[in-house]
Amino acid sequence: MIESEFKRIKQKIQNIDPHRWWGDDYDVRFYLLHKLKKLENQKILDIGGGIGIITSELHKSNFRINLDSSFDDLLKSKSIVDPEVETICASMTHLPFLNEKFDSIICANILEVAKSLDIKYNNINQNLSSNSFPNIESVLSESNRIMTKNGKLFVTTPNNEYFQGEKMNYSELKNSLEKFFSNFSLWFYNSYPRISKKYRKLNFANIFPKFLAKINSDEDIFKKMLKPDGGFNKYSVWFYAEAVKNSA
């Protein structure tokens, strides 16, 4: 994905709904798209896909479904963004599919939404090591159920160490994944520091990737942005994870 691709996707989102812009040029969802664009001839489900930006960018040999609870978003997805993407209006915690139907499932910035619902309705299971969130677990459990054997789940979500709010932290994400997937990898994405909560554009997390873009390829920048799980709560802007359903 070259710089012009970033600009094209930015403009695409702004033309449809300016309030949906992902944020910085090297938002983790650009890295996700970089990985997903390699998929062909698969059945792919995007849970909470909104207006369908991600599914619209995937190879057309794939059977693509955008699932969301917002009828208005799905209407934009089908009528404006990409009519070839199938749309289903449903809850992310109760997926209306039979078992083992999808090769790849996308959860792009949706687990933190599930967490916010649990917080809103005081639906949290507290324990000594890390709180657990029933809605997050439902999303992951349902994803595992409808994935084919050796299917893959792709996850992006903000790191609360950076946002300092009600996003997911390292322990919450790792413990949630462990409950449903024995085979997964977790990365920290964009660990450049935040120096100002008020002025986002002045943060190194925003400045450094743009500087690197002047002298590096996107592939090199993505490699610099990704840090493997070191077994501790490391600072980053985002988490990126991939989980594989066991064949047994």
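Structure: see above.
Everything numeric here is computed off the predicted structure, so don't read it as measured data.

A. Geometry of the overall build of the protein chain. Broken down by element type, the protein chain carries 10 helices and 8 strands. Computed over the C-alpha atoms, the radius of gyration of the protein chain is 18 Å, within 12% of the 18 Å expected from 2.2 N^0.38 for a compact globule of 248 residues. Overall, the protein chain is about 50 × 45 × 35 Å in size when its C-alpha atoms are taken along their principal axes. Residue burial in the protein chain is summarised as follows: out of 248 residues, 50% are buried. For the protein chain, contacts bridging at least 24 residues in sequence account for 67% of all contacts bridging at least 6.

B. Local environment of the environment of Ser70. Mapped onto the secondary structure, Ser70 falls in the loop between β2 (63–68) and α4 (71–81). A relative accessible area of 23% means that Ser70 is categorised as partly exposed. With 18 residues separating them along the chain, Ser70 and Gly52 place their C-alpha atoms 12 Å apart. Only 3.1 Å separates the side chain of Ser70 from the backbone nitrogen of Asp73, close enough to count as a polar contact.

C. The arrangement of the pairing of strand β6 (residues 183–189) in detail. Sheet topology note: the β6/strand β8 (residues 238–244) ladder contains 7 bridges and is antiparallel. By the bridge assignment for β8, Ser185 is matched with Glu242. Where β6 and strand β7 (residues 226–228) come together, 3 bridges link them in antiparallel fashion. Among the inter-strand pairings, Tyr189 is bridged to a residue of β7, identified as Leu226.

D. Representation of the nonpolar core. Of all hydrophobic cores here, the largest spans 34 residues; its most connected members are Leu32, Leu36, Ile53, Ile54, Ile106 and Tyr189. Those elements that provide at least two residues to this core are α1 (3–16), α2 (28–36), α3 (53–56), β4 (102–108), α9 (204–212), α10 (218–225) and β8. The element best represented in this core is α2, accounting for 6 residues. Residues Leu45, Ile146, Leu153 and Phe184 belong to the second largest nonpolar core, which totals 33 residues.

Conventions and cut-offs
Once a new chain begins, its residue numbering starts again from 1 and follows that chain's sequence as written. The model is predicted, so local features are restricted to residues of pLDDT at least 70 and side-chain atom pairs to those at 80 or more, both for listing and for counting; the totals for chains, interfaces and linings are taken over all residues. The basis for every side-chain value is the complete set of heavy atoms in the structure, and neither hydrogens nor water enter the calculation. The helix and strand labels rest on DSSP assignments: H or I over at least four residues marks a helix, E over at least two residues marks a strand, and numbering proceeds from the N terminus. Two things to know: the radius of gyration comes from C-alpha atoms, and the globule rule equals 2.2 Å times the number of residues to the power 0.38. Residue exposure (1.4 Å probe, protein chains only): buried if accessible area is under 20% of the type maximum, exposed if over 50%, otherwise partly exposed. Only heavy atoms matter for contacts: two residues are in contact if any of them lie within 4.5 Å across the pair. Pairs of N or O atoms within 3.5 Å make up the polar contacts considered here, provided that, within protein, one atom can donate a hydrogen while the other can accept it, and that residues adjacent in sequence are counted only when both atoms are side-chain atoms. Here a strand pair is declared whenever DSSP counts at least two bridges between the two strands. Remark: nonpolar core denotes a set of buried residues (Ala, Val, Leu, Ile, Met, Phe, Trp, Tyr, Cys) joined through side-chain atoms within 4.5 Å.

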